[in-house]
Amino acid sequence: MRRKFAFVAALCSLLVGGTAWAHRIDEYLQATIVSLQLNQMHASMRLIPGVMVAPSVIAMIDTNHDGVFSEKEKRAYADRVLGDLSLSIDGQGVKPRLDSWVIPEAPQLHDGLGEIRLEYHVDLTSSTATDRTLVLTNRHLNESSVYLMNVEVPQERTLRIVDQERNPRQSVYELHFQQMGRVGQSSTRSGIRAWWSDLQLSSLFHLGLRHIAEGTDHLLFLLALLLPAPLLAVGSRWAAPATERQSLRHILGIVTAFTIGHSLTLTVAAMNVVHVPSRPVEVLIAVSILVSAVHGLRPIFPGKEAWIAAFFGLIHGLAFASTLDRLGLSRWDRLAGILAFNLGIETMQLLVVAVVLPSLLILSRTRAYSAFRIAGAAFACLASALWIAERLFGLDTYVDTAVNLIAQRGLVCAGVLFASSMALLLVARRASALSSND
C-alpha cells in the first residue's frame, strides 16, 4: 500500500509540475494507475480540469444548472467517464464496474483546484493462456485532455508485467502481462519446480528477441559498425576489400566485443549494482550510432572497431537492463531472467548478422559497395542526429516512425540486398572476363 501511495503521489507531482495543488490553466489531465490482482484489474483515475476546461466539465456534471452537484449528478458523470472508456482482455471486450467516486464541488473545479477521483475494476476472465494482454482506451473529452497511464508492480507472484505500449497521447494503453498458475496450484508443486516454472524462461528469451528486433537504434549501431568491416583502411579512406577470412574475423570480433560489453552492464544494472538515468543512456546510444556512421564514411578508428563496440556495448547494456527492471523480478529470479533475456538478444543479433553478412561480403567485391556504404552511413548519421535532437531537446522528428517502417520490412530489404549483390557480382565478373579476353 505504501508503494502504491508513493507511486501515485509521484505521478501526480509529475502531472502538475511539482506542486500538487497549483492552479492549472488549460487541458484536462487524466491519470490512470492500473493494478493487477489475482482475479481483477483495478484502476484508479485522477481527473484535474484546468480553469479553461472546468466550465465544460462543470456543465456536464451540473445537468440541472442549479450550481450544486447532487449525488445523482456525480454518479451520472462518473458513469459517463467510464462509458468513454473501452477495455479488452485478450481481445475480448469487458465492461468496467464503478467502485467509488469523489467529485469536488463546482467552485473548486472552477478555480482549477478540484480533483475528481474514480475507482473501477474489471474481472480478469479465466484463461488457459499464460501471456495476456489488456488494452485500455480513454476517449473522455478527447479534444481538451492529456492522458497518463501506468501500472503498479504486481504484488501477486503469479502475475508479471512483460511490457507496456502507449500511443503518443497515452490515450491508448496496452499492457502485456503473464498470469501463471493459481496460488493453490503452485503450492502443490515442489518448491524448486514451481520456481523454475514461474520464471518463464522461454518468455524472457522471446522478450529478448523482440527487444532487439524492435530496438532499431541498437541494430543500427551494429549495422553501421559492420558496414566498413569487409574493407581495409588505407590512410584516411576505405580502400581495397579485405580477404574473406580477414572480414569474418573482423566481424566476429565486433559482434563478440559488443556482446561482452552489453552483457556486463546488463547484468550489473539488472541486479541494481549500478543505476544510470535512462535519458543520458538513450542520448549516448544515439551518439554511438553517429560515431559508427562517421567511421563508415571515413576510418577514424581503423583496426579498433572491436574496442569501440565493447565500449558502446557497455552503454547499450544499460538500456537493455531497463526492460528487465520493469518486470518486477525478485533479485534471484533476475539471475536466470538475465541469462534468458540476454540469450534472446544474442540470438536475434546473430540472426541479423547472418542475414546481412553474405550480402556485405559479396557486395564489397564490387564497385557498387562504395556507394552502398556511403548511403548506409549517411542514413545512420541522419537518424542518429535526429535521435540526439529528440532525446536531448524533446523534439518530435518522426525518426522512429521512418526507421521502424524500414525495420518492419527488414527481411524484404535483406532479400533485395542479397539478390542485388549477387547480380552486381555476376556483372562484375562478366565484365572482368570480357576485359581479359580483349
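Taking an unreviewed UniProt entry as the reference, the chain is identified by name as HupE/UreJ family protein belonging to Terriglobus aquaticus.

Colleague: Could you give an account of the UniProt feature "transmembrane region" (unreviewed entry) in the chain, naming the residues involved and the relevant values?
Modeller: Taking the numbering used here, the UniProt-annotated feature "transmembrane region" (unreviewed entry) corresponds to residues 219–239, 251–271, 283–301, 306–324, 336–363, 370–389 and 409–428. Secondary structure content for residues 219–239 is 38% helix and 33% strand, while the C-alpha to C-alpha distance between its ends is 25 Å. Helix makes up 100% of residues 370–389 and strand makes up 0%, while its end C-alpha atoms are separated by 29 Å.

Colleague: Residue-level account of the pattern of salt bridges, with values.
Modeller: Think of it this way: side chains of opposite charge can pair up when their charged atoms draw near. Tallied over the entire structure, the rule returns nine salt bridges. Between Arg 46 and Glu 115 there is a salt bridge, and its shortest N-O distance comes to 2.4 Å. Placement of the pair is Arg 46 in strand β2 (residues 40–49) and Glu 115 in the loop between α4 (106–110) and β6 (116–123), with a sequence separation of 69 residues. Grouping residues by exposure puts Arg 46 and Glu 115 together as buried. When the shortest N-O distance is used, the salt bridge between Lys 74 and Glu 71 registers 3.6 Å. With Lys 74 and Glu 71 both in helix α3 (residues 71–83) and three residues apart, the pair spans about one turn of that helix. Taking relative accessible area as the criterion, Glu 71 reaches 51% and is therefore assigned exposed. Each of Arg 46, Glu 115 and Arg 117 takes part in one network of salt bridges that share partners.

Colleague: Outline the packing of helix α8 (residues 216–226) against helix α9 (residues 244–270), listing residues and values.
Modeller: The N-to-C vectors of α8 and α9 enclose an angle of 150 degrees; their axes lie 10 Å apart at closest approach. When the axes of α8 and α9 are compared, the pair comes out roughly antiparallel. Viewed along their axes, α8 and α9 form a crossing whose handedness is right-handed. The residues of α9 that touch α8, namely those facing Phe 221, Leu 222, Leu 225 and Leu 226, are Ile 251, Ile 254 and Phe 258. Taken together, the residues of the contact of α8 with α9 sort by class into seven nonpolar, no polar and no charged.

Colleague: Which residues make up the side chain of Ser 171, and what values do they have?
Modeller: When you line up the elements, Ser 171 lands in the loop between β9 (159–166) and β10 (172–179). A relative accessible area of 7% places Ser 171 in the buried class. Residues contacting Ser 171, with those up to four places away along its chain left out, are Leu 136, Thr 137, Asn 138, Tyr 147 and Met 149.

Colleague: Tell me about the packing of helix α10 (residues 278–297) against helix α13 (residues 368–393), and name the residues and values.
Modeller: Between α10 and α13, whose axes approach to 8 Å, the crossing angle comes to 160 degrees. Comparing their axes, α13 and α10 come out roughly antiparallel. Read as a crossing pair, α10 and α13 show a hand that is left-handed. Of α13, the residues touching α10 (which contributes Arg 279, Glu 282, Val 283, Ile 285, Ala 286, Val 287, Ile 289, Leu 290, Ala 293, Val 294, Gly 296 and Leu 297) are Arg 373, Ile 374, Ala 377, Ala 378, Ala 380, Cys 381, Ser 384, Trp 387, Ile 388, Arg 391, Leu 392 and Phe 393. In terms of residue class, the contact of α10 with α13 is made up of 18 nonpolar, two polar and four charged.

Rules and cut-offs
Residues numbered from 1 in each chain as written. Predicted model: local features only at pLDDT ≥ 70, side-chain atom pairs only at ≥ 80, totals over all residues. Heavy atoms only, no water. UniProt positions renumbered as here; feature names shortened; annotations may be inferred. Helix = DSSP H or I, 4+ residues; strand = E, 2+ residues; numbered from the N terminus. Salt bridge = Lys/Arg side-chain N within 4 Å of Asp/Glu carboxyl O. Buried < 20%, exposed > 50% of the residue type's maximum accessible area, 1.4 Å probe, protein only. Axes fitted to C-alpha atoms, helices over the stretch in contact; angles between N-to-C directions. Parallel < 35°, antiparallel > 145°, perpendicular 65-115°, else oblique. Left-handed = near helix turned anticlockwise from the far one by under 90°. Contact = heavy atoms within 4.5 Å. Nonpolar A, V, L, I, M, F, W, Y, C, P; charged D, E, K, R; others polar.

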